[in-house]
Amino acid sequence: MSRAPAEEEAAQGPALTIDAESAGMRLDKALAPLVSEGVRGRRRRIEEGGVLLNGAACREPARRVRAGDVVALVRAEPPSEPPQDVARLLGRQGDFCFLFKGAGLHSAALPGKPGDSLEACLPALCAPVLAPGEQPELLQRLDQGTSGLVCAALTPEAACAFRAAEAAGQCEKRYLALLTGALAGPVTARRRLDTNDRRTTRLLDEDAGPLRRTEFLPLHGFEGEACARLSALLAPDAAEAPPALTLAACRIRRGARHQIRAHAASLGHPLFGDGRYAPPGAPAGTAGQFFLHHGLLALPGQRCSIAPPWPWLEDNLPPEARRRVRAWLETVD
């Protein structure tokens, strides 16, 4: 396969011309020389209109290419800074930046989907505080449906220091979660998680070890009329409200994919609205939203906290419960 002329690349992004040897290949395979993504990423890029075949969008990964066909990527617009309710810079501390990610935004760039993630917007978000030569690197990932803090390192040394602190148990990550059911008291989920090649994390009958456990602490319970009112507000299409809801504090040291969600479900208290880990028939939040917020991150020499962007919280919590929430996000033992 040979590259298309430079003027064609400038008009439509990187391109190649199919040679006789590559004739008959599937489009998703023929695209490999243009992108470093795996086959799933290439297929996604094609299906979402990010690939041109002879100048026209082709959304068929299995389409067979012919000698002389020109395959090109659609040139992506450079990512701009997203609205502040979706992502924003909270500040710089030493060689770290702390950012807010709203629910609905991916943390890391997905294969085949340039932009549309906190990672893609990182340079624009951190630009006001960067020194010459600094390049921010995302150190954490939150689920798309989780809001809250994400930390980025501005130097390779800072990235290494963060990971070393995590490995030594010197990082503390505090969350707020709205759980289904009445959580009677503090409890720690200890089971190890299997995240390998799974959309849904599986729990194993083994102890995860002290750095991979999840601690839960009830902050306020909703029952009776208060539960029905909150459920109707957050899941208006649900057939019925759960008998109780619990606003819980959660703490982890090192996280795995879906850790809090899977551990909460294993205790019989899945996150309210979390269709992936709740039992069949459980109420779903608006647009499938569950309620999990990363509100505090503390590591040696740095600490940042942010309140959850949940308008319903202040209106439905008594003063004492609001004080407990603030203390959980502001005080590190």
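Data block above holds the structure.
The rules behind these values
- Residues numbered from 1 in each chain as written.
- Predicted model: local features only at pLDDT ≥ 70, side-chain atom pairs only at ≥ 80, totals over all residues.
- Heavy atoms only, no water.
- Helix = DSSP H or I, 4+ residues; strand = E, 2+ residues; numbered from the N terminus.
- Contact = heavy atoms within 4.5 Å.
- Areas by Shrake-Rupley, 256 points an atom, 1.4 Å probe, with all protein chains shown as cover.
- Salt bridge = Lys/Arg side-chain N within 4 Å of Asp/Glu carboxyl O.
- Buried < 20%, exposed > 50% of the residue type's maximum accessible area, 1.4 Å probe, protein only.
- Patch = residues over 30% accessible without salt bridge, like charges linked within 9 Å, V, L, I, M, F, W, Y side chains within 5 Å.
- Lys, Arg positive; Asp, Glu negative; His and termini not counted.
- Charge placed at Lys NZ, Arg CZ, Asp CG, Glu CD.
- Core = buried A, V, L, I, M, F, W, Y, C linked by side-chain atoms within 4.5 Å.
- Phe/Tyr/Trp six-rings, centres within 6.5 Å; stacked < 30°, edge-to-face > 60°.
- Pairing = 2+ DSSP bridges.
- Polar contact = N/O pair within 3.5 Å; in protein donor to acceptor, adjacent residues only side chain to side chain.
- Disulfide = S-S within 2.5 Å.

Regarding the overall build of the chain
If you tally the helices and strands in the chain, you get nine helices and 17 strands. Within the chain, counting contacts between residues at least 6 apart in sequence, those at least 24 apart form 66% of the total. With an accessible surface of roughly 16100 Å², the chain has 50% of that area assigned to carbon and sulfur atoms.

Re the pattern of salt bridges
Summed over all chains, the structure comprises 20 salt bridges. Residue Asp 28 pairs with Arg 26 through a salt bridge whose shortest N-O separation is 2.7 Å. Taking the relative accessible area as the measure of exposure, Arg 26 reaches 29% and is therefore partly exposed. The salt bridge partner of Asp 207 is Arg 213, with a shortest N-O separation of 3.1 Å. Residues participating in the shared-partner salt-bridge network are Glu 172, Arg 174, Glu 215, Arg 251 and Arg 253.

Topic: a positive patch on the surface
Positive charge collects at one region of the surface, where Arg 40, Arg 199, Arg 257 and Arg 276 lie side by side. Judged by its relative accessible area of 31%, Arg 257 is partly exposed.

A few points about the nonpolar core
Counting 28 residues, the largest nonpolar core has Leu 179 and Phe 216 as the members making the most contacts within it. Within the residue set of this core, elements represented by two or more residues are β7 (96–101), α4 (118–126), β9 (147–153), β10 (172–180), β15 (244–252) and α7 (259–266). Examining the composition of this core, we find that five residues originate from one element, α4, more than from any other. Counting residues in hydrophobic clusters, the runner-up holds 21 residues, among them Leu 178, Leu 247, Phe 272 and Val 325.

A few points about the packing of aromatic side chains
Tallied over the entire structure, the rule returns five aromatic pairs. Seen in terms of ring centroids, Phe 291 and Trp 310 are 6.1 Å apart; in terms of plane orientation they differ by 85 degrees. Their pairing is edge-to-face. Here the residue Phe 291 occupies a position in the loop between α7 and β16 (292–299), and Trp 310 occupies one in the loop between β17 (302–305) and α8 (311–316), the gap between them amounting to 19 residues. Neither residue differs from the other here; Phe 291 and Trp 310 are each classed as buried.

A short note on unusual backbone geometry
In this model, Asn 54 sits at a positive phi of 55 degrees, which is unusual for a non-glycine residue. Within the secondary structure layout, Asn 54 lies in the loop between β3 (51–53) and β4 (56–57). The class of Asn 54 is partly exposed, set by a relative accessible area of 44%. Positive phi outside glycine occurs at His 258, with the angle close to 65 degrees.

Examining the pairing of β10
In the case of a regular strand, side chains alternate between the two sheet surfaces. Most of β10 is tucked away: eight of the nine residues are buried. Note: β10 against β16, six bridges, orientation antiparallel. What sits directly across from Leu 176, in β16, is His 293. Pairing between β10 and β15: eight bridges, direction antiparallel. Paired with Ala 177 across the bridge in β15 is Ala 248.

Let's talk about the side chain of Glu 134
Positionally, Glu 134 belongs in the loop between α4 and β8 (137–138). Relative accessible area serves as the criterion here: at 16%, Glu 134 is assigned to the buried category. A polar contact of 2.8 Å, which involves the side chain of Glu 134, links it to the backbone nitrogen of Ala 131.

Description of the state of the cysteines
Overall, the coordinates contain zero disulfides when judged by the stated rule. Distance from the sulfur of Cys 304, which forms no disulfide, to the nearest cysteine sulfur (Cys 151) is 8.7 Å. A relative accessible area of 12% means that Cys 304 is categorised as buried.

Section: α4
Among the residues making up α4, those that are buried are Leu 118, Ala 120, Cys 121, Leu 122, Leu 125 and Cys 126. Summarising the contacts, the buried residues of α4 are in contact with β6 (87–93), β7, β8 and β9.

Examining the pairing of strand β14 (residues 214–223)
Strand direction decides the pairing type here: strand β11 (residues 187–189) and β14, joined by three bridges, are antiparallel. Across the sheet, the residue bridging to Val 187 is Phe 216, located in β14.

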